[in-house]
Amino acid sequence: MSVMNPTRAPGRARSAAPAAGAGRPTRRGWRATPWLFLLVPLGLLVLFTFVPVANMVWYSFTSWDGIDPVKEPVGLDNYVSIFTDPSIFSVFLVSAYYLVGALVQLALALYFATILSFRTRLRNLFKGVLFFPYLLNGVAIGLAFLYFFRPDGTLDALLAMFGVTDPPQWLGDRSIANYSLAATSVWRYMGLNFVLFLGAIQSIPGELYEAADLDGATSWQKFRFIILPGIRQIVGLSLILAVSGALSVFEIPFVMTGGANGTSTFVIETIDTAFTYSKVGLASAMAVVLLLIVLVITWIQRKAFPEDKGDLA
Amino acid sequence: MSTTDLGRVTPTATDRARLGLARLRRSAGPVTGTIGTVLKYASILVACACAVIPLVTLVFAAFKDAKEYNSTGPLDLPQDWTNVENFATAFTQGRMLEGFINTSIILVVALLGTIIIGTMTAYAVDRFDFRGRKVVMGGFLLATLVPAVTTQVATFQIINTLGLFNTRWAAIALFMGTDIIAIYIFLQFMKSIPRSLDEAAMIDGANRFTIYARIIFPLLRPAIATVVIVKGIAIYNEFYIPFLYMPARDLGVISTALFRFKGPFGSQWEVIAAGTLLIIVPTLIAFLLLQRHIYNGLTSGAVK
């Protein structure tokens, strides 16, 4: 078939062309065709991705306030203040809570994906329940957990059942608030990692387990020598995504605490700097720093886990 | 292909023997069993409880009236499961109808746009050899590396300059213009559509646009379904873009409408709970109906 077509096509096409009249596309016409299809997509890509990035870099070297027609260049001042002003840079440390949360989240996801990949009653029900939070609206999650963590709320009532009578202020106490928020984040995103891992484990050919059974392997050995190597790629990718996710946390702390009580994150700070304090120049520099960090992390990922993840997608 | 097939066919007998043996062992050896099994199910049940309790207590709260809410604990069941007053309050005073309408408009228009743009891009990139093809591909790939959340500071100025600020078009344009995952899903799928179909149509005198519209587009239907699901969930849940670009009260989408509950309903948690549930229920229904598609879609979408 595929051998026949190319030999026949030109002959037929040539005889068809004159019959269809002068309006048939010429060679040059064909050459322009892909660009006609790409006109709108490329336009949007440039307009909403590349122009903003370029502008952001430009603004970051100015002291622009977002309104003034003149953008006063200030050199590296914005970058210097990001790294020297402790009130700006310290919010990066808040990411550490989410980073630890993300590691817990991956460990939980790996555990549940593994045990549910073995024969389990009601497996689909459990899978659905564990995954469902991931689908929920972020604002709904934020409000649900405000209710969960509030004084005399669900968590306190649950703890009272176990005899804890003097629970802390989960969101009001500076030393605890970030743990509560990171835990909410784990609740929200664990399901996605879990389903991704489960899918990867289930795509490992069954013969491997049978061979392992024949050799008398224990469950732990099966996990260590069959499952873990089989899902190395997806675990690595999730790890990297978790790191960049932890750096750009926004929705949960923004909805739940608005960044109060030492829970502000770098993105909340950037948005505030730009839109509340009208320091677009400084905010752009902050965004550029974050972008560079994410790019470096992605680059590390590409180096550490080179491209054979193609078949996973 | 054929060699691996052969490789599989020949040792069938031994395979079957192995399988049988393995099965024997598994049924004969539940020694590791009981304690392990108990721990396993216990851990699953604890996890499911953690997943469900924050949502179930919202349901309890939503059916209580103000007096009952104040006099009972969050784990107490409501007296009257038919009391839908809170839902009515949330829906009308919380302007949630408006939110659902705005979300639906944005959802439909942005999805149509994403599908048309995404399929056209995938068609152009996969089916044409042209100078600059590599650059175009590289451009789209590069864009996947830029987290949208970082560029809002500058995107805001563009939306403003275009006069889209405080219109639904701001959200629609951003949802359409920044979706690289959809393009990727279409591209993956397009590769599995044989080129001989295009060639056959060309012989019959079809031009490139006809091929796209009549042959490729209909065959992409499964990929379109995936994109509708993945993207639909993302748009339904999006908070940041409408919050930043459409602050006008009558342009509220469900996320921003719910976010505004924090002020006026302050401590009326029974109403906030009802409003939250109104947003969760459509997601739950969609999940129950489309489970398999959602799992597949998200796995192909998440691993860019």
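Structural data are supplied above this passage.
Predicted, not measured: the structure shown is a model, and the values here were computed from it.

Cut-off values and rules
Residue positions are given per chain, counting from 1 as you read along its sequence in written order. To read the labels, note that chains go from A and ligands from 1, taken in the order they are written. Restriction of local features to residues with pLDDT of at least 70 applies here, the model being predicted, together with a cutoff of 80 or more for giving and counting side-chain atom pairs; totals for whole chains, interfaces and linings are based on all residues. A helix here means a DSSP run of H or I that spans at least four residues, while a strand means a run of E at least two residues long, and both kinds are numbered starting from the N terminus. Whether a residue is buried, exposed or partly exposed follows from its count of other C-beta atoms within 10 Å of its own C-beta, namely 20 or more, 12 or fewer, or something in between, respectively; the C-beta atoms are built from the backbone. In this description, a residue-residue contact is defined by the distance between C-beta atoms placed from the backbone, which must lie within 7 Å. Each residue is assigned to one class: nonpolar for Ala, Val, Leu, Ile, Met, Phe, Trp, Tyr, Cys and Pro, charged for Asp, Glu, Lys and Arg, and polar for all the others, Gly among them. Helix axes are fitted to C-alpha atoms over the stretch in contact, other axes to C-alpha atoms as well, and angles between N-to-C directions run from 0 to 180 degrees. With respect to orientation, any angle under 35 degrees is reported as roughly parallel, any angle over 145 as roughly antiparallel, any angle of 65 to 115 as roughly perpendicular, and every other angle as oblique. Multiplying 1.5 Å by the residue count of a helix minus one yields the expected span of that helix.

### Section: the overall build of chain B
Phase 1: Counting its regular elements, chain B contains 16 helices and zero strands.
Phase 2: Here chain B, with 304 residues, has 37% of them falling under the buried criterion.
Phase 3: Relative to all contacts within chain B whose residues are 6 or more apart in sequence, the contacts with residues 24 or more apart total 75%.

### Regarding the interface of chain B and chain A
Phase 1: Across the boundary between the two partners, chain B contributes 80 residues, which contact 80 residues of chain A.
Phase 2: The biggest single contributor to the side of chain B that touches chain A is helix α16 (residues 269–302) of chain B, with 14 residues.
Phase 3: Of the residues in the side of chain B that touches chain A, the class split is 52 nonpolar, 22 polar and six charged.

### Some remarks on the packing of helix α7 (residues 138–149) of chain A against helix α3 (residues 33–62) of chain B
Phase 1: α3(B) packs onto α7(A) with a crossing angle of 85 degrees between their chain directions and a minimal axis gap of 10 Å. By the angle class used here, α7(A) and α3(B) are roughly perpendicular. Contacts between α7(A) and α3(B) involve A:Ala144, A:Phe145, A:Tyr147 and A:Phe148 from the first element and B:Pro54, B:Leu55 and B:Leu58 from the second.

### Some points on unusual backbone geometry
Phase 1: Backbone geometry places A:Ser278, a non-glycine residue, at a positive phi of 55 degrees.
Phase 2: When you line up the elements, A:Ser278 lands in the loop between α14 (266–276) and α15 (280–304).
Phase 3: The residue B:Arg95 is not glycine, and still its phi comes out positive at about 50 degrees.
Phase 4: Here B:Arg95 shows up in the loop between α5 (85–93) and α6 (96–127).
Phase 5: Assessed through the 17 C-beta atoms surrounding it within 10 Å, B:Arg95 is described here as partly exposed.

### A closer look at α7(A)
Phase 1: Between the first and last C-alpha of α7(A) there are 16 Å, a value that for 12 residues agrees with the 16 Å anticipated at 1.5 Å per step.
Phase 2: Across the 12 residues that make up α7(A), a large majority, 12, are buried.

### A short note on the environment of B:Pro282
Residues and elements named next belong to chain B.
Phase 1: Mapped onto the elements, Pro-282 comes out in helix α16.
Phase 2: Overall, Pro-282 belongs to the partly exposed group, with 14 C-beta atoms counted inside 10 Å.
Phase 3: Measuring from C-alpha to C-alpha, the distance between Pro-282 and Ile-35 comes to 40 Å, with 247 residues separating the pair along the chain.

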